[in-house]
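Residues per chain are reported as follows:
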Amino acid sequence: MNDIPRRSAHRTARLAALPLTYAGRTAVGLGRRLGGAPAEAVAAQVAARTADQLFSVLGQLKGGAMKVGQAMSIFEAALPEEVAAHYRGALTALQDAAPSMPAETVHRVLASELGDDWRSRFHELDDVPVASASIGQVHRGRWADGRKVAVKVQYPGAGDALLSDLRQLARVARVTGALRTGIDMKAVTDELQARMSEELDYTLEAAAQRQFADAFAGSEFFAIPRVLEATPRVVVMDWLEGTPLSAVIREGSAEQRDQAATLYLDFLLAGPDHVGLLHADPHPGNFRITEDSRLGVLDFGAVNRLPGGMPSAVGRLLGLALSGDDTGPAVLDGLREEGWVHPGADLAPDLLLEFLDPFLEPARHERYTFSRAWLRGCFAHVSEPRWQSVIAVLDLPPDYLLIHRVWAGGIGVLCQIGGEVEARAILTHWLDDLTLHPPSE
């Protein structure tokens, strides 16, 4: 490919084809079953072929299409196991790689951003990318002073592609509905559109990365590469070696999983406290485990500015919800004040606490293992008809939009990692006004 496919009609046709071809494969599968083929074998073939096409289309289109694919990959842990087995590989592949643009296109972008003499800035540059993502790809190189660097180059046409996708991605909701992910696609695309202009300007990303790098300089837990050069479409930073978090998810030992999950949860909470920023792109492709056992973080295109740290209401209301049935009225009042419950809505406090109960489980234990089974249980819980009256009066306040996205996605990743963490200690360390009673075990 030379550029991102930009024509709206072309991109729309590719996206529209996803549900149509899924339906076609299902019909063919039904025919094969009527012809005597085992139902399990037919279903497996349909799922595997659809998964392959999902990765191919979302990866090739890049832009907003790939971003939604990455959002879907975060919640892979919530898929029913009979479905997840086929989609897990295709969706998690979107966390690390996609078809790349050729060298001549990369050179054209570098010349326009760094000047016609851009080659003099580098001792060497590998034309083959080491990673390809939604709006850019990364190349390995050496800076003029000899240090190893990562060079992030934005795809030509990334802005046009994002605008096109965000207008058309409602079509993908049909596919995700078939996969039963439970993801609110409209909320995902609305939030992506609100953040699009920031993510397209790499100078803003570089500024956020510098803030994180300064705050965690010398940290024994986190490794943030230093930014050496930044323009709107190119960022050059120190190279960061490490094992991709996706590899830990796929084949890590129990010890590696525990370590990765602990560092991951710790980082999500440490950012608002140390930097005044919440890292808002939690998918595994953005994280590495370094040789000295730190969590390396690679992408800062999406951040939530929280100069006062995480809102104090988060810790206060979590503590109240965990304190017992008699705190229901206080939890309800607090959620009303923060805008989580519609004004004037008739909601019984006890019913609210019962609805929230499964989501609070990790904070009830000194040590907790986030698992796919627990996340699937949470999704199944929300889908029960008896909770529709509760869900109908809940809202997502604008100030919490990105916080909600990060925590929903972060929990999805923790359940993919499957590691045991000191949940209560981490939460109480970072969340202001969080008071917890002795744990249940």
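Residues numbered from 1 in each chain as written. Predicted model: local features only at pLDDT ≥ 70, side-chain atom pairs only at ≥ 80, totals over all residues. Heavy atoms only, no water.

> Help me get a handle on the side chain of H139, residues and values and all.
Structurally, H139 is set in strand β3 (residues 136-143). Only 3.4 Å separates the side chain of H139 from the backbone oxygen of D127, close enough to count as a polar contact. Apart from residues no more than four positions distant in its own chain, H139 is found in contact with V106, L125, D126, D127, V128, P129, V149, A150, V151, V153 and W239. (Helix = DSSP H or I, 4+ residues; strand = E, 2+ residues; numbered from the N terminus. Polar contact = N/O pair within 3.5 Å; in protein donor to acceptor, adjacent residues only side chain to side chain. Contact = heavy atoms within 4.5 Å.)

> Let's hear about the sheet that holds strand β8 (residues 243-244): which residues, and what values?
Spatial ordering of the open sheet is given by β5-β11-β10-β8, a layout of four strands whose pairing is mixed. Sheet topology places β5 (222-223) and β8 at the edges, where each strand pairs with a single neighbour. With two bridges connecting them, β8 and strand β10 (residues 287-289) associate as antiparallel partners. Of the residues in β10, the one forming a bridge with T243 is I289. Contacting β5, β10 and β11 (295-297), helix α11 (residues 254-274) runs over the sheet at an angle of about 135° to β10. (Pairing = 2+ DSSP bridges. Axes fitted to C-alpha atoms, helices over the stretch in contact; angles between N-to-C directions.)

> Lay out the nonpolar core with the relevant residues and their values.
Formed by 71 residues in total, the largest nonpolar core has its most connected members in F212, F216, I224, L245, F267, L269 and L295. A total of nine residues in this core trace back to one element, the largest contributor, which is α11. When neighbours within four sequence positions are excluded, L245 is seen to be in contact with A260, Y264, P284, F287, R288, V413 and I417. Counting 14 residues, the second largest nonpolar core, distinct from the first, contains L110, W118, Y155 and V236. (Core = buried A, V, L, I, M, F, W, Y, C linked by side-chain atoms within 4.5 Å. Buried < 20%, exposed > 50% of the residue type's maximum accessible area, 1.4 Å probe, protein only.)

> Please provide a residue-by-residue account of the environment of G309, values included.
Residue placement: G309 occurs in the loop between β12 (303-305) and α12 (312-323). We classify G309 as buried; its relative accessible area is 14%. A C-alpha to C-alpha distance of 4.9 Å links G309 and D273, two positions 36 residues apart in sequence.

> Tell me about the pairing of β3, residues and numbers included.
By the bridge criterion, three bridges tie strand β1 (residues 122-125) to β3 in an arrangement that is antiparallel. Of the residues in β3, the one forming a bridge with E124 is R142. In this structure, β3 lies alongside strand β4 (residues 148-154), joined through seven bridges in antiparallel fashion. By the bridge assignment for β4, H139 is matched with V151. What sits between the antiparallel neighbours β3 and β4 is a turn of four residues, in which G146 has the positive phi angle 100°.

> Explain the packing of aromatic side chains to me, and be specific about the residues and the numbers.
Tallying each qualifying case throughout the model produces 17 aromatic pairs. Ring centres of W118 and F122 lie 6.2 Å apart, and the angle between their planes is 75°; this geometry places the pair in the edge-to-face category. The class of W118 is buried, set by a relative accessible area of 5%. On the accessibility criterion, F122 (8% relative accessible area) is buried. By the ring-pair criterion, three or more aromatic residues cluster together here, those being F212, F216, F221, F222, Y264, F267, F287 and F300. One residue, K152, lies across the ring of Y202, its end atom 5.2 Å from the ring centre. (Phe/Tyr/Trp six-rings, centres within 6.5 Å; stacked < 30°, edge-to-face > 60°. Lys NZ or Arg CZ within 6 Å of the ring centre and 35° of its normal.)

> Describe the pattern of salt bridges, and please don't skip the residues or the numbers.
The tally for this structure, following the rule as stated, stands at 17 salt bridges. Across the pair D281 and R405 runs a salt bridge, and its minimum N-O distance is 4.0 Å. One end of the pair, D281, is in the loop between β9 (277-279) and β10; the other, R405, is in helix α17 (residues 401-417), with 124 residues separating them in the sequence. Taking relative accessible area as the criterion, R405 reaches 23% and is therefore assigned partly exposed. Salt bridges linked by common partners bring D145, R147, R226 and D238 together as one network. (Salt bridge = Lys/Arg side-chain N within 4 Å of Asp/Glu carboxyl O.)

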